[in-house]
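Summary of the model geometry
Here is what each chain is made of, one letter per residue.
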Amino acid sequence: MSVIYILITVSIIVAIVFFTLFVKAVKTGQYDDSYTPSVRMLFEDELVKENNKQTKNK
Amino acid sequence: MESNCYHCGNPCEEDTIVHDGKSFCCNGCKTVYEIFSENELTCYYDLTQNPGATPNEIAGKYDFLDQPSIAEKLLEFDDEHVQIVTLYIPHIHCSSCIWLLENLQKLQTEVSSSIVNFPKKTVRITYNSEAISLKEIVLLLCRIGYEPYISLEDYENGKKPIDRSLIYKLGVAGFAFGNVMLLSFPEYFEVDEFWLNQYKPMFRWIMFAMSLPVVFYAANDYFITAFKGIRSKFLNIDVPIALGISVLFIRSVFEIITEAGPGFLDSLTGLVFFLLLGKFFQQKTYNFLSFERDYKSYFPIGITKINLDGTEETVQVYDIEKGDRLLIRNEELIPVDGILIKGDAQIDYSFVTGEADAVTKQSGDKIFAGGKQTHGAIEMEALKSVSQSYLTQLWSNDVFNKNKDESFKNITDSISKYFTIAILLIAIISGLVWYFVSPEKAWNVVTAILIIACPCALALSAPFTMGNLLRILGKKKCYLKNANVLEQLAKIDTIIFDKTGTITAGNKMELSYEGVTISNEEEVLLKNTLRNSNHPLSRQLYSILKANNIVTLDSFEEHTGKGMEATFQNNSIKVGSSSFVGNATATETLKTAVHISTNNHYKGKYIFKNTYREGIPELFQELSSRYDISILSGDNESEKETLQHLLPNAVELHFNQKPSDKLEHIKTLQEKGKNVLMIGDGLNDAGALKQSNVGIAIAENVNVFSPACDAILDASKVKELAAYMKLSKTSIKIIKTSFILSFIYNIIGLSFAISGELSPVVAAILMPLSSISIVAFVTVATNMFGKNLK
């Protein structure tokens, strides 16, 4: 028939996959707090630095 | 040496402790530092300067957490080995706090994870319940200066489910909007190509499938509120919106089935998406603030009861019965009315009255619920149960069952009545006209009118204006409960202030001395006498007096409720009430004063005066030209003259007002048709705040105590009140201007519709264009006016 049916099906499936990912993200609470993660992200470096210090001390 | 504490940032006074090359203001702060440095957590101090808080005395305070029945209500998850608890910690305020609390497992290995929610100021702790108890977790937090706030409210409410439906709806609408827009692209350009024509029906049916969840799920709130509005014979803004959505949907389905055209599904999904976006924008609330507090959020959950055989037991406050013997520790709240049996009671009623001075009581005296014991432990006998106490009975007043928002008709809704009627009239008239001109077009015209008139821009302008202003004010530490408050604020014509704690600074006192000058020697004696006393007035006087050599007194005796006497070398001193020191000429009794006599000669008195907040006279001056102002104070008239001197003449002053008097006063004003703004603090204003059109609570620390209200204003911003009131009026002007703009769009759209020329592409351009330009206009305008705020 036509390739357009396949394309449409694929694109809708992709769209639905993204949509379910969004719903999952909301469900796990990712949208409940949009501030703390932005700060938390910056701490990762601090933690690593400190761990290094500890290993050096030992 | 003048320096700031390395831990909490408070200035270090006389007894600075130097440890590890850093100075600390007290032992508590030093201990916290030691805990952190032992556990390699000093990174805490690198992120923010002086982030800590001094740990409070907590012995015995959290014993009630050992009761399984109480702990169970607080826990979020409870398994054999694992427990999860979410605690509200008011002190969370900077990135150091987040870092430290999320590294709790370094301090206590039994904690497996802790996650901070910064906007809500909560921490969710998962721990091994076999190795550590909830109480130990709480005590650990207290030890490092992060004392959680656990109140009766937590106990009653348990866990609140989070409502995330708006985000889902926004997601659904956005998803459908984007895809439908893409699928309608070929239609926009009216390309007459064979292959596109071939697949047109399929594209249309896919669009139809995608619009179904938008109409029946994402937009269902509009249908529900519109239905509710009609049932109560009130045309709110959701009526024309619901009408527009349903007409859009029905006509689109009709066109798709008859293959007459592509319908307006792109406009439909776009409309719903923008409307929900507006709602989302307005929904911003301050998670960490509570506007619905009653006495329950002040009261502790558990209290220590002394059994007949002398054993102590923790009981829940609701289980307190008349005749029970209770132990109230230092800094604990008295939960019920009762009689003092044993101990030195210094009761601070500031939650109840806003009055900062502690009251001294003797055994046999009646003490009331809501007071806080500030000096050692006392024993009392309960006379009533919790819900029957004087303070808690205030909440049985009808005012507390009314919902202010429901009775208020906002600006959008009041305009929508005329709007809906006008649109329906236009639709009917042009439908009739077209019916006679060319009947086959009448259906098209009527539906086109209802579609294009759907008041998307109209419905968006208020949420975006209010939402943005709420955010701007929030940055200035003025937290409004919701958008309606801002509108109400613009209508205010009468302002009522509480005195103590509102226009006076709650904890600052001004001191003046009247009488014979006292010699240096006497001042040393006085200061050393005061040093031995824990009475709040003594502490304040002590911190103000300059003399500094510390001597050991030869004798010292404190007479509860009267004063104290002391001797040193050959001098004796008496400090206390007028009669106690032997003052023959008892004159003014209204003012708070400490009298002094040495060697049985009356010397004079120190008078404590409230200090008024900075900028109060200027604020009143500015407000009095536009509003009726009065002051309702629960205190006696001692400050009347000062106030009359300080404030403009138009300000009415009322003294000796009981909480219920304040409420009644506002009621009478409202019956006269006034819109009343009440500004207060303390639980004694709770009734008045609730009764008023807008109640603003002044809070020294916005995280801790404030009664139920419509807005919370940080104490340092009281002087800016006039500017905020002005901004609320400006906001109404902005909304009205944007209404005019959206009417212009509607008229343009209607001219297309009435002439029967509305094509899907015109609708698809006009509808988002009007919405976006309105949103841009109000956002720019509010930001411009918001910039002028201090």
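The structure displayed is predicted, hence computed values, not measured ones.

1. Considering the UniProt feature "transmembrane region" (unreviewed entry) in chain B
Residue and element names in this part refer to chain B. Under the local residue numbering, the UniProt record ascribes the feature "transmembrane region" (unreviewed entry) to residues 166-185, 205-223, 235-254, 260-281, 418-437, 443-466, 734-755 and 761-785. End C-alpha atoms of residues 205-223 are separated by 24 Å, and the span's content is 95% helix alongside 0% strand. Measuring from the first to the last C-alpha atom of residues 260-281 gives 38 Å, for a span that is 77% helix and 0% strand.

2. Some thoughts on the environment of Glu313(B)
Residue and element names in this part refer to chain B. Its location among the elements puts Glu313 in strand E10 (residues 312-316). For the pair formed by Glu313 and Ile237, sequence separation is 76 residues and the distance between their alpha carbons is 58 Å. Among residues more than four places away in sequence, those in contact with Glu313 are Ile303, Thr304, Lys305 and Asn307.

3. Quick word on the sheet that holds strand E5 (residues 75-78) of chain B
Adjacent strands of a sheet form backbone hydrogen bonds with each other and so pair up, either parallel or antiparallel. Residues and elements named next belong to chain B. Here 4 strands make up an open sheet; going across it, the order is E5-E6-E8-E7 and the pairing antiparallel. Edge strands, defined here as strands with exactly one partner in the open sheet, are E5 and strand E7 (111-117). For this sheet the average axis-to-axis angle between neighbouring strands, irrespective of direction, equals 10°. Where E5 lies against strand E6 (residues 82-88), 3 bridges are found, and the strand directions are antiparallel.

4. A short note on the UniProt feature "transmembrane region" (unreviewed entry) in chain A
The feature "transmembrane region" (unreviewed entry), as annotated in UniProt, sits at residues 6-26 of chain A in this numbering. Here residues 6-26 of chain A runs as 100% helix and 0% strand, with 30 Å between its end C-alpha atoms.

5. Considerations on the domain arrangement of chain B
Domain annotation for chain B reports domain 1 (3-47), domain 2 (63-157), domain 3 (164-281), domain 4 (303-396) and domain 5 (477-505 + 613-729). Between the C-alpha centres of domain 2 of chain B and domain 5 of chain B the distance comes to 37 Å.

6. Some thoughts on unusual backbone geometry
Residues and elements named next belong to chain B. In this structure, Glu259 takes a positive phi of about 55° despite not being glycine. Tracing the backbone shows Glu259 in the loop between helix H11 (238-258) and helix H12 (265-282). The exposure class of Glu259 is exposed, given its relative accessible area of 55%. Of note in this structure, Asn656 is not a glycine but carries a positive phi near 55°.

7. What to know about the packing of aromatic side chains
All names here are of chain B. Enumeration according to the criterion identifies 13 aromatic pairs over all chains in this entry. Residues Phe273 and Phe274 carry aromatic rings whose centres are separated by 5.9 Å and whose planes lie at 55° to one another, so their mutual orientation is tilted. By the burial criterion, Phe273 is buried, and Phe274 matches it. What links up through ring pairs into an aromatic cluster is the set Trp205, Phe208, Phe216 and Phe249. Positioned above the aromatic ring of Tyr222 is the side chain of Lys279, whose terminal nitrogen or guanidinium carbon lies 4.7 Å from the ring centre.

8. A word on the confidence of the model for chain A
In this model, chain A carries an average pLDDT of 75, and 72% of its residues clear a pLDDT of 70 or more. Segment residues 48-58 of chain A: pLDDT under 50, and 6 contacts once partners within four positions in sequence are set aside and those in other chains are kept.

9. Regarding the pattern of salt bridges
Residues and elements named next belong to chain B. On inspection of all chains with the given rule, the structure shows 11 salt bridges over all chains. Residue Lys305 pairs with Asp324 through a salt bridge whose shortest N-O separation is 3.9 Å. Here Lys305, found in strand E9 (residues 302-306), pairs with Asp324, found in the loop between E10 and strand E11 (325-328); they are 19 residues apart in sequence, far enough to count as distant. Across the salt bridge formed by Glu622 and Arg626, the nearest N and O atoms sit 3.8 Å from each other. Residue Glu622 is classed as partly exposed on the basis of its relative accessible area, which comes to 40%. Beyond isolated ion pairs, a larger network of salt bridges with shared partners links Lys169, Asp221 and Lys279.

10. Digging into the sheet that holds strand E16 (residues 372-373) of chain B
Residues and elements named next belong to chain B. The strand order E14-E13-E16 describes an open sheet built from 3 strands, whose pairing is antiparallel. Lying at the two open borders of the sheet, with one neighbouring strand each, are strand E14 (358-361) and E16. Alignment of strand E13 (residues 345-348) against E16, held across 2 bridges, turns out to be antiparallel. Opposite Ile347, over in E16, you have Gln373 as the bridge partner.

11. Re the UniProt feature "domain: HMA" (unreviewed entry) in chain B
The UniProt entry lists residues 83-149 of chain B under the feature "domain: HMA" (unreviewed entry), expressed in the numbering used here. Strand forms 30% of residues 83-149 of chain B and helix 31%; the C-alpha atoms that close the span are 19 Å apart.

12. Section: the packing of H11(B) against H12(B)
Residues and elements named next belong to chain B. Running from N to C, H11 and H12 cross one another at 155°; their axes reach a closest spacing of 9 Å. When the interaxial angle is binned, H11 and H12 end up roughly antiparallel. Helix-helix and strand crossings are classified by hand; for H11 and H12 the assignment is left-handed. Contacts between H11 and H12 pair Ile241, Ile245, Leu248, Phe249, Ser252 and Ile256 from the former with Leu265, Leu268, Leu271, Val272 and Leu275 from the latter. Per-class residue counts for the contact of H11 with H12 are 10 nonpolar, 1 polar and no charged.

13. Considering the pairing of strand E17 (residues 378-382) of chain B
Residues and elements named next belong to chain B. When you tally the buried positions in E17, you get 4 out of 5 residues, the bulk of the element. When E11 meets E17, the two strands line up antiparallel, connected through 4 bridges. Note that in E17 the partner of Leu327 across the bridge is Glu379.

14. Considerations on the interface of chain B and chain A
How large an interface is tends to be reported as the accessible area lost when its parts come together. In this assembly, 29 residues from chain B lie in contact with 25 residues from chain A. Buried surface at the junction of chain B and chain A, both sides included, amounts to about 2,400 Å², of which 69% is carbon and sulfur. It is Arg164(B), Tyr168(B) and Tyr199(B) that lose the most area in chain B upon contact with chain A, and together they represent 22% of the buried surface on that side. Along the contact surface separating chain B from chain A lie 0 salt bridges. For the side of chain B that touches chain A, the elements supplying multiple residues, two or more each, are helix H2 (43-47), helix H4 (95-101), E7, helix H8 (165-188) and helix H9 (194-218) of chain B. Among the elements that take part in the side of chain B that touches chain A, H8(B) stands out by supplying 7 residues, more than any other. Looking at the side of chain B that touches chain A residue by residue, the class counts come to 20 nonpolar, 5 polar and 4 charged.

15. Some remarks on the pairing of strand E29 (residues 694-699) of chain B
All names here are of chain B. In terms of burial, E29 is largely enclosed, as 6 of its 6 residues are buried. Neither face of E29 is exposed, since Val694, Ile696 and Ile698 on one face and Gly695, Ala697 and Ala699 on the opposite face are all buried. Two strands pair when backbone bridges link them, and strand E28 (residues 676-680) and E29 are joined in this way by 4 bridges, in the parallel orientation. Among the inter-strand pairings, Gly680 is bridged to a residue of E29, identified as Ala697. Sheet topology places E29 next to strand E30 (residues 711-714); 4 bridges connect them, and they run parallel.

16. Observations regarding the side chain of Thr598(B)
Tracing the backbone through its elements, the reader meets Thr598(B) in strand E24 (residues 592-598). Non-local contacts of Thr598(B), meaning those with residues more than four positions away in its chain, are made with Glu522(B), Ser572(B), Ile573(B) and Lys603(B).

The rules we used
- Residues numbered from 1 in each chain as written.
- Chains lettered and ligands numbered in written order.
- Predicted model: local features only at pLDDT ≥ 70, side-chain atom pairs only at ≥ 80, totals over all residues.
- Heavy atoms only, no water.
- UniProt positions renumbered as here; feature names shortened; annotations may be inferred.
- Helix = DSSP H or I, 4+ residues; strand = E, 2+ residues; numbered from the N terminus.
- Contact = heavy atoms within 4.5 Å.
- Pairing = 2+ DSSP bridges.
- Axes fitted to C-alpha atoms, helices over the stretch in contact; angles between N-to-C directions.
- Domains from an automatic or database assignment.
- Buried < 20%, exposed > 50% of the residue type's maximum accessible area, 1.4 Å probe, protein only.
- Phe/Tyr/Trp six-rings, centres within 6.5 Å; stacked < 30°, edge-to-face > 60°.
- Lys NZ or Arg CZ within 6 Å of the ring centre and 35° of its normal.
- pLDDT = per-residue confidence, 0-100.
- Salt bridge = Lys/Arg side-chain N within 4 Å of Asp/Glu carboxyl O.
- Parallel < 35°, antiparallel > 145°, perpendicular 65-115°, else oblique.
- Left-handed = near helix turned anticlockwise from the far one by under 90°.
- Nonpolar A, V, L, I, M, F, W, Y, C, P; charged D, E, K, R; others polar.
- Buried area = accessible area lost by both parts, 1.4 Å probe.

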